[in-house]
Amino acid sequence: MSDHIQQIQAQYNAIEDRILLKLNTQEGYEASAWITRRFLALLLPALHGEHPQTGESILTPQQLKNWAQRDDEQSESGSETDLSDEAFDQAYESPPSSKNLIGPEPVLLSKITFRGLDGDQPKMALEPEKGPGLELGYDPKVVQVLLHLLEKAIEKSDWEEPLQPADQSLYH
């Protein structure tokens, strides 16, 4: 997606036991996707710069240096993302006459693909098993916002609690 994100939201849905990620763009496109607990286990390491399966750094040392430099430049220029809680507590608003970017219903995300890691504008594609997904810039600003949104959604879930095996006495 070459369009800039206008608004993004992640909310835990207890009925679905999933996080619903919704976004709309400056060009009036809208997309929504489900993030499961399993997919989140892949996504969080990737947002922290680690390959989800190998644990290796996704970016080279030079790219990490460039990230830090870009982040510093954004801070100095005042274009830094406002990460105050008030900025994230606003209700999601669908753009007027929005166009579906990946379909009318949320897609179930299952894989992450990185593109252009050796270039100036790396991308992270969050994709379902089949069909189109979301392609986001893999840069400090986007990563920071996604981490903050996911952290807030996880707080509302019970996903931080370890799963306890069922009481075996119930089955005897």
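Just above, that's the structure.
Cut-off values and rules
Residues numbered from 1 in each chain as written. Predicted model: local features only at pLDDT ≥ 70, side-chain atom pairs only at ≥ 80, totals over all residues. Heavy atoms only, no water. Buried < 20%, exposed > 50% of the residue type's maximum accessible area, 1.4 Å probe, protein only. Helix = DSSP H or I, 4+ residues; strand = E, 2+ residues; numbered from the N terminus. Pairing = 2+ DSSP bridges. Arc of directions from axis to C-beta. Contact = heavy atoms within 4.5 Å. Expected span 1.5 Å × (residues − 1). Polar contact = N/O pair within 3.5 Å; in protein donor to acceptor, adjacent residues only side chain to side chain. Phe/Tyr/Trp six-rings, centres within 6.5 Å; stacked < 30°, edge-to-face > 60°.

Visitor: Where do I start with the pairing of strand S2 (residues 18–25) in this structure?
Guide: As a general feature of sheets, a regular strand has side chains that alternate between the two faces. Burial runs high along S2: six of the eight residues are buried. Sheet topology places strand S1 (residues 5–13) next to S2; eight bridges connect them, and they run antiparallel. By the bridge assignment, Ile5 is partnered in S2 with Thr25. Remark: four residues form the turn of the hairpin made by S1 and S2, two consecutive strands paired antiparallel; Asp17 in that turn has positive phi of roughly 50°. As judged from the six bridges shared by S2 and strand S3 (residues 29–35), these two strands associate in the antiparallel manner. Paired with Leu23 across the two strands is Ala31, which belongs to S3.

Visitor: For this particular structure, what's the right way to read helix H1 (residues 37–47)?
Guide: Residues separated by three or four positions in an α-helix point in the same direction, a consequence of the helix having 3.6 residues per turn. Every buried residue belonging to H1 is among Phe39, Leu40, Leu42, Leu43, Ala46 and Leu47, and all of these are buried. One side of H1 holds all its buried residues, which, seen down the axis, span an arc of 165°. Where H1 is buried, its residues meet S3, strand S5 (107–115), strand S6 (123–128) and helix H4 (140–156). Count one or two residues on from H1 and you reach Gly49, which has phi positive near 90°.

Visitor: Is there a simple way to explain H4 in this structure?
Guide: Given a rise of 1.5 Å per residue, 17 residues ought to cover 24 Å, and the 25 Å separating the end C-alpha atoms of H4 matches this to within 8%. Of all the positions in H4, only Pro140, Val143, Val145, Leu146, His148, Leu149, Leu150, Ala153 and Ile154 are classed as buried. Capping the start of H4 is the job of one residue whose side-chain oxygen sits 3.0 Å from the backbone nitrogen of Lys141: Asp139.

Visitor: Just checking my understanding: could you explain the packing of aromatic side chains for this structure?
Guide: For any pair of aromatic rings, geometry is given as the distance between the ring centres together with the angle between the planes. A complete count under the given rule lists two aromatic pairs for this structure. For the ring pair Tyr12 and Trp159, a centre distance of 5.6 Å and an interplane angle of 85° mean the geometry is edge-to-face. Of this pair, Tyr12 sits in strand S1 while Trp159 sits in the segment after H4; the two residues are 147 residues apart in sequence, bridging distant segments of the chain. Neither residue differs from the other here; Tyr12 and Trp159 are each classed as buried. Consider the rings of Phe114 and Tyr138, whose centres lie 5.2 Å apart with planes at 75°: the pair is edge-to-face. Taken together, the positions of Phe114 in strand S5 and Tyr138 in the loop between strand S7 (134–137) and H4 put the pair 24 residues apart, joining distant regions of the chain. For the pair Phe114 and Tyr138, one class covers both residues: buried.

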